[in-house]
Amino acid sequence: MTTLWTLHNRGSEAKRSDGVIRDPWAVTLLDSIGYDYRKFGKPNQSHALRARAFDAAAIDYLTAHPKASVVALAEGLQTSFWRLARAGVADELTWYSIDLEPVMELRRRLLPRNDRIIELPQSALDRSWMDKVSTEHGVFVTAEGLLMYLEPEDSLGLIADCAARFPGGQMMFDSIPHWLSRRTLTGLQLSDRYIAPPMPFAMTADEALALAGRIDCVRRARDIALPPGRGVWKLASLPALDRIGAFRRARPAITLLEFGR
């Protein structure tokens, strides 16, 4: 269900003439899947802006490591590969798409095949995927919209294992603040017909930055700002606002980790 929720937001934004993202395949998916998306309420810019932030970091890494492995954990109906191809950085990479078999089957039916995409139909928590990823040219791991749905020990354990297995690589993930996590655990009503699933893992931007001193092999952690959006989303991206402690602790975070020995 969350896969369709994020697709609704991203695809609806991509359809707008003033949209914050260009994502033709998200539009195709949105129109191809017969579902009453009104169940999720009014779409917003959140997931489109998040996708753009992940794209920018991936483009930076792939520009320096054009033959790298990109691991998309719990990929859902993300269409990042094709956006990166449009950006000109997907010609030499190897893309590992990881998700459960029902989601992978939906991707096979609705998205184009590409020789650079390796499908691994399994849980992101099943560490056997790590043995299948080539590390020769670098590794960029994305956990977009994943960790908040896991138990804290599972999220932190996955980060630690990635750091140990992929020295020289990077991992990018997003997290929600503690107040929002608590709200989801008691039932966060997004519309009159949809309650957000529980999200037990929370981490503020500063807690995420502290992972560089907390988890072995995490050499550096960077807080990644959302690109400016429209209206209130543009205001929320102002650096001055983020210097207010209460705001910084209350906002979602996107974190980029760099791995070393």
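Quick note: structure is the one above.
So, here is what we can say about the structure in this document. Source: prediction; values computed, not measured.

**A short note on the pairing of strand β6 (residues 188–191)**
- Across three bridges, β6 lies against strand β7 (residues 194–196) in antiparallel orientation. Opposite Ser191, over in β7, you have Tyr194 as the bridge partner.
- Between the antiparallel neighbours β6 and β7 lie two residues.

**Examining the nonpolar core**
- Counting 40 residues, the largest nonpolar core has Leu7, Trp95, Phe140 and Met172 as its most contacted members.
- Secondary-structure elements contributing two or more residues to this core are α1 (2–15), α2 (24–32), α3 (46–64), β1 (69–73), α4 (80–86), β7 and β9 (253–259).
- The biggest single contributor to this core is α3, with six residues.
- When neighbours within four sequence positions are excluded, Phe140 is seen to be in contact with Ala57, Ala58, Tyr61, Ser69, Val70, Val71, Gln170, Met172 and Leu256.
- Ranked by size, the runner-up nonpolar core spans 32 residues in total, among them Trp129, Val139, Leu147 and Phe166.

**Remarks on the sheet that holds strand β5 (residues 170–175)**
- Spatial strand order, β3-β2-β1-β4-β5-β9-β8: seven strands in an open sheet with mixed pairing. Of all the strands in the sheet, just β3 (117–121) and β8 (218–223) have a single pairing partner and so form its edges. Within this sheet the neighbouring strands show an average axis-to-axis angle of 20°, counted without direction.
- The strands touched by α3 within the sheet are β1, β4 (139–143), β5 and β9, with β5 carrying the most contacts at an inclination of about 170°.
- Across the sheet, helix α6 (residues 152–165) lies against β1, β4, β5, β8 and β9, angled at about 30° from β9, the strand it touches most.

**Here we look at the packing of α1 against α3**
- Across the interface, α1 lies against α3 with an axial gap of 7 Å and an inter-helix angle of 85°. As judged from the angle between their axes, α1 and α3 are roughly perpendicular. Listed contacts from α3 to Trp5, Thr6, Asn9, Arg10 and Glu13 of α1 are Ser46, His47, Ala48, Arg50 and Ala51.
- Taken together, the residues that form the contact of α1 with α3 break down as three nonpolar, four polar and three charged.

**Describing the pattern of salt bridges**
- Taken as a whole and assessed by the stated rule, the structure comprises 25 salt bridges.
- Across the salt bridge formed by Glu101 and Arg108, the nearest N and O atoms sit 2.8 Å from each other.
- Among the residues examined, Glu101 registers a relative accessible area of 36% and is labelled partly exposed.
- In this structure, Arg248 and Asp206 form a salt bridge, with 3.0 Å as the shortest nitrogen-oxygen distance. One end of the pair, Arg248, is in helix α12 (residues 245–250); the other, Asp206, is in helix α8 (residues 205–209), and 42 residues separate them in sequence.
- Its relative accessible area of 17% is what places Arg248 among the buried residues.

**Side note on the packing of aromatic side chains**
- In this structure the tally under the stated criterion is nine aromatic pairs.
- For the ring pair Tyr35 and Phe40, a centre distance of 5.7 Å and an interplane angle of 25° mean the geometry is stacked.
- Under the relative-accessibility criterion, Phe40 is labelled buried at 4%.
- Ring centres of Phe40 and Tyr194 lie 4.9 Å apart, and the angle between their planes is 85°; on these two criteria the pair is classed as edge-to-face. Separated by 154 residues along the polypeptide, Phe40 in the loop between α2 and α3 and Tyr194 in strand β7 bring together distant segments of the chain.
- Owing to a relative accessible area of 5%, Tyr194 belongs among the buried residues under this scheme.
- Ring pairs connect the aromatic residues Trp5, Tyr35, Tyr37, Phe40 and Tyr194, which therefore count as one cluster.

Each value, and the rule that gives it
Numbering of residues starts from 1 in every chain and runs along the sequence as written. Selection of residues for local features in this predicted model requires a pLDDT of at least 70, selection of side-chain atom pairs for listing and counting requires 80 or more, and totals for whole chains, interfaces and linings are taken over all residues. As a rule here, side-chain values come from all non-hydrogen atoms in the structure, and water together with hydrogens is ignored. A pair of strands is treated as paired once DSSP finds two or more bridges between them. In this text, helices come from DSSP runs of H or I with a minimum length of four residues, and strands from runs of E with a minimum of two, each type numbered from the N-terminal end. Among buried residues, the Ala, Val, Leu, Ile, Met, Phe, Trp, Tyr and Cys ones that are joined through side-chain atoms within 4.5 Å form a nonpolar core. Working definition: with a 1.4 Å probe on protein chains only, accessible area under 20% of the residue-type maximum means buried, over 50% means exposed, and in between means partly exposed. In this analysis, two residues are considered to be in contact whenever any of their non-hydrogen atoms come within 4.5 Å of each other. Note on geometry: axes are C-alpha line fits, over the in-contact stretch for helices, and angles between N-to-C directions span 0 to 180 degrees. Should an angle fall under 35 degrees it is taken as roughly parallel, and over 145 as roughly antiparallel, whereas 65 to 115 is taken as roughly perpendicular and any remaining angle as oblique. The classification used treats Ala, Val, Leu, Ile, Met, Phe, Trp, Tyr, Cys and Pro as nonpolar, Asp, Glu, Lys and Arg as charged, and all other residues, Gly among them, as polar. Any Lys or Arg side-chain nitrogen located within 4 Å of an Asp or Glu carboxyl oxygen qualifies as a salt bridge. Note on aromatic contacts: the rings of Phe and Tyr and the six-membered ring of Trp form a pair at centre separations within 6.5 Å, being stacked when their planes are under 30 degrees apart, edge-to-face when over 60 apart, and tilted otherwise.

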